[in-house]
Amino acid sequence: MAKKFNKILIANRGEIALRIIRTCREMGIKTVAIYSTADRESLHVRFADEAVCIGPPASADSYLSIPKIMAAVEITNADAVHPGYGFLSENADFAEICQDYGIKFIGPSPEHIRNMGDKITAKETMIRAGVPVVPGDGTLLKSAEDGIERAEKMGYPVMIKATAGGGGKGMRIVKRKEDFVNAWNSARAEAKASFGNDGIYMEKYIVQPRHIEIQVIGDQYGTVIHLSERDCSVQRRHQKLLEECPSPFMTDELRQRMGEAAIKAGEAIGYEGVGTVEFLVDADRNFYFMEMNTRIQVEHPVTEESIDHDLIKEQIKVAYGEKLSGKNYTPKGHVMECRINAEDPWRDFRPSPGKITSFHSSKGHGVRVDTHVYAGYTVSPYYDSMIAKLIVRAPTRAEAITKMERALDEFIVEGIKTTVPFHQWLLRQEDFREGNFDTGWLGQQELPKG
Ligand code: MV4
């Protein structure tokens, strides 16, 4: 086993920075927080051993500035960087610069980040590894005419997607030939503006899919294991709102098959670190590789509570060269996570930044809250609106729902609007309670007016 890290710089903010600091303290590793001037009063700054102000509120000048972060690494003498999620977590250039400076980037290699970031390359890799992918021809479309020709052969509906994309950007469903040119033009423009790359490819459209992802972790010796699934089908405009494990749609047999596919995916590329293999699952339980995320994800606590392991700890251990045992994990009981965002759910989830005047976090048996906020904290308009993750664990799904309803009732935030009332509404819905939902379900519901 390699020597463990002495000091980790956390290149992130908010709840995930705090989450990483907690594990580092338990592991006896020193921590460095970085912060923008908007985050002076943040708990990650207070709880880290050292903190370095790296710039003004705008992310481009602070949390996304590689030179500023590398300067903070240098002056604090950190030997590793934890990127968290978002920001630079899937930036291959950042991982490469860390490598060049002899700083361990806690995550996969720049090459793996790059390959999974390009969706056509990722799909090709999965096909070679024997992982089922969405039917499609896996090459860039040359023009709208080329696309129309291919769509005739494939059969409508089709989906066109940006190869640099992910998370729904630069993606369009095309139901008929007449709609192709418009979809092509808008997808390309969006891809160009979002990623600076307007490469587009085509797939068969999977009707009413569920989004089920498999958590994997790989060590430096080629061993990859899976840690079961998370169902993330409750989404709005590609923003996840609630995640759970087990998936209400899961069977032991399906978990076995999806787990094996996710391991094959990781093993084929010699994947190191934590990663998530995202699948679309159709009504007949066929599953198709969609994307691989090469970072720790927002919803990782769902897996932590399901298998009773600290994923950040496991992530740090494989980064300094510990070996994995090779056994997979199956979930115990039922875990559910609600994302509490500073948004008004009855006004189109409009952001609701501002000062939190009063705050009470849910507590009690089987309840976990990951948050960086407190009474008196001001939610900045500059960053992501998530202020807390409310996670419950209970023996069965029905009991998890009951516990979540209780926990939501005692989650008090005053001064700003939050998504708490949305979750209370969601948990009352018959379809949700029966596990009868897919990725399109929420978009078809009429939400209360508040
Ligand atoms: C699809 C699809 C149906 N068919 N691809 C959305 C985000 C991006 N990662 C891929 N996405 C989808 N790709 C084919 N061929 C449906 C979606 C999709 C979706 C996927 C997961 C979670 C929510 C979603 C909401 C709408 C569409």
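Remember, it's a predicted structure, so these values are computed and weren't measured experimentally.

Caption draft 1: Representation of the overall build of the protein within the structure. Helices and strands together make up the secondary structure of the protein, namely 15 helices and 22 strands. Split into buried and exposed, the 450 residues of the protein put 58% on the buried side. Pairs at least 24 apart in sequence give 65% of the contacts found in the protein among residues at least 6 apart. On the protein, roughly 18,500 Å² of surface is accessible, and the fraction owed to carbon and sulfur atoms is 48%. Computed over 58 positive and 64 negative side-chain charges, the separation of the two mean positions in the protein equals 2 Å.

Caption draft 2: Spotlight on unusual backbone geometry. The peptide bond linking Y156 to P157 adopts the cis configuration, its omega dihedral lying at 0 degrees. Looking at where P157 falls in the secondary structure, it is placed in the loop between α7 (144–154) and β6 (158–166). A cis amide bond, omega -5 degrees, links C245 with the succeeding residue P246. Locating P246 in the fold gives a position in the loop between β11 (239–245) and α9 (252–269). With phi around 45 degrees, R237 is a residue other than glycine that occupies positive phi space. Exposure remark for R237: the relative accessible area of 60% places this residue in the exposed category.

Caption draft 3: Region of the structure containing the sheet that holds strand β12 (residues 273–281). One open sheet holds the 8 strands; their spatial order is β13-β12-β9-β10-β11-β14-β21-β19, and the pairing between them is antiparallel. Both edges of this open sheet fall to β13 (287–293) and β19 (367–371), since each of them pairs with a single strand only. With strand direction ignored, the average angle separating the axes of adjacent strands in the sheet is 25 degrees. Alignment of β19 against strand β21 (residues 386–394), held across 5 bridges, turns out to be antiparallel. Within the sheet, the bridge partner assigned to R368 lies in β21 and is I391.

Caption draft 4: Here's a closer look at the nonpolar core. In this structure, I340, I387, L390, F411, L426 and F432 are the most contacted members of the largest nonpolar core, which totals 38 residues. For this core, the secondary-structure elements that each account for two or more residues are β11, β14 (334–341), β19, β21, α12 (397–409), α13 (420–428) and α15 (441–444). One finds I16, V274, V298 and L311 within the second-largest nonpolar core, a separate group that totals 31 residues.

Caption draft 5: Representation of the pattern of salt bridges. Under the counting rule described, the total for this entry stands at 37 salt bridges. Among the ionic pairs, R13 bridges to D39, the shortest N-O distance being 2.7 Å. Of the two residues, R13 is situated in the loop between β1 (7–10) and α1 (14–27) and D39 in the loop between β2 (30–36) and α2 (43–47); the sequence distance between them amounts to 26 residues. The buried category is assigned to D39, whose relative accessible area is 1%. Linking E272 and K104 is a salt bridge whose minimum nitrogen-to-oxygen distance equals 3.0 Å. You can see E272 sitting in the loop between α9 and β12 and its partner K104 sitting in strand β5 (residues 104–105), a full 168 residues away along the chain. With a relative accessible area of 16%, E272 lands in the buried category.

Caption draft 6: Just the state of the cysteines, in detail. One pass over the structure, following the stated rule, counts 0 disulfides. You can see C98 has no disulfide; the closest cysteine sulfur is in C24, sitting 15 Å from it. Considering cysteine sulfurs only, C232 is the nearest to C338, which forms no disulfide, with 13 Å between them.

Caption draft 7: Structural context of the side chain of Q315. Relative to the helices and strands, Q315 is located in helix α11 (residues 311–319). Separated by 2.7 Å, the side chains of Q315 and H82 make a polar contact.

Caption draft 8: Structural detail: the environment of C232. Structurally, C232 can be placed in strand β10 (residues 224–236). For the pair C232 and M386, spaced 154 residues apart in sequence, the C-alpha separation works out to 16 Å.

Caption draft 9: Molecular detail of the packing of helix α4 (residues 92–100) against helix α5 (residues 110–117). Interhelical geometry of α4 versus α5 gives an angle of 175 degrees and a closest axis separation of 8 Å. What the angle tells us is that α4 and α5 run roughly antiparallel. Every residue of α5 that contacts α4 at A92, D93, A95, E96 and Q99 is listed here: P110, I113 and R114.

Caption draft 10: Highlighting the sheet that holds β6. Spatial strand order, β7-β6-β8: 3 strands in an open sheet with antiparallel pairing. Every interior strand has two partners, whereas the edge strands, β7 (169–174) and β8 (200–204), have only one. With direction set aside, neighbouring strand axes in the sheet form an average angle of 25 degrees. Contacting β6 and β8, helix α6 (residues 119–129) runs over the sheet at an angle of about 105 degrees to β6.

Caption draft 11: Spotlight on the site of the ligand. Of all residues adjacent to the ligand, which total 17 residues, the nearest are K161, E203, K204, I206 and E291. Within the side chain of K161, one N or O atom sits 2.9 Å away from a nitrogen atom of the ligand. At 2.8 Å from a nitrogen atom of the ligand is found a main-chain nitrogen or oxygen belonging to K204. Coverage of the ligand by the protein chains reaches 90% of its 530 Å² of free accessible surface. Listed by contribution, the elements that provide at least two residues to the shell around the ligand are β6, β8 and β13. Each residue belonging to the shell around the ligand can be placed in one class, and the counts come to 7 nonpolar, 6 polar and 4 charged.

Caption draft 12: A look at the environment of G440. Of note, G440 is situated in the loop between α14 (430–433) and α15. In this structure, the C-alpha to C-alpha distance between G440 and Q235, residues 205 residues apart in sequence, is 8.0 Å.

Caption draft 13: View of the side chain of S361. Checked against the element boundaries, S361 lands in the loop between β18 (358–360) and β19. On the basis of relative accessibility, which here comes to 16%, the residue S361 falls in the buried class.

Definitions and limits used
- Residues numbered from 1 in each chain as written.
- Predicted model: local features only at pLDDT ≥ 70, side-chain atom pairs only at ≥ 80, totals over all residues.
- Heavy atoms only, no water.
- Helix = DSSP H or I, 4+ residues; strand = E, 2+ residues; numbered from the N terminus.
- Buried < 20%, exposed > 50% of the residue type's maximum accessible area, 1.4 Å probe, protein only.
- Contact = heavy atoms within 4.5 Å.
- Areas by Shrake-Rupley, 256 points an atom, 1.4 Å probe, with all protein chains shown as cover.
- Lys, Arg positive; Asp, Glu negative; His and termini not counted.
- Charge placed at Lys NZ, Arg CZ, Asp CG, Glu CD.
- Pairing = 2+ DSSP bridges.
- Axes fitted to C-alpha atoms, helices over the stretch in contact; angles between N-to-C directions.
- Core = buried A, V, L, I, M, F, W, Y, C linked by side-chain atoms within 4.5 Å.
- Salt bridge = Lys/Arg side-chain N within 4 Å of Asp/Glu carboxyl O.
- Disulfide = S-S within 2.5 Å.
- Polar contact = N/O pair within 3.5 Å; in protein donor to acceptor, adjacent residues only side chain to side chain.
- Parallel < 35°, antiparallel > 145°, perpendicular 65-115°, else oblique.
- Near = heavy atom within 4 Å.
- Nonpolar A, V, L, I, M, F, W, Y, C, P; charged D, E, K, R; others polar.

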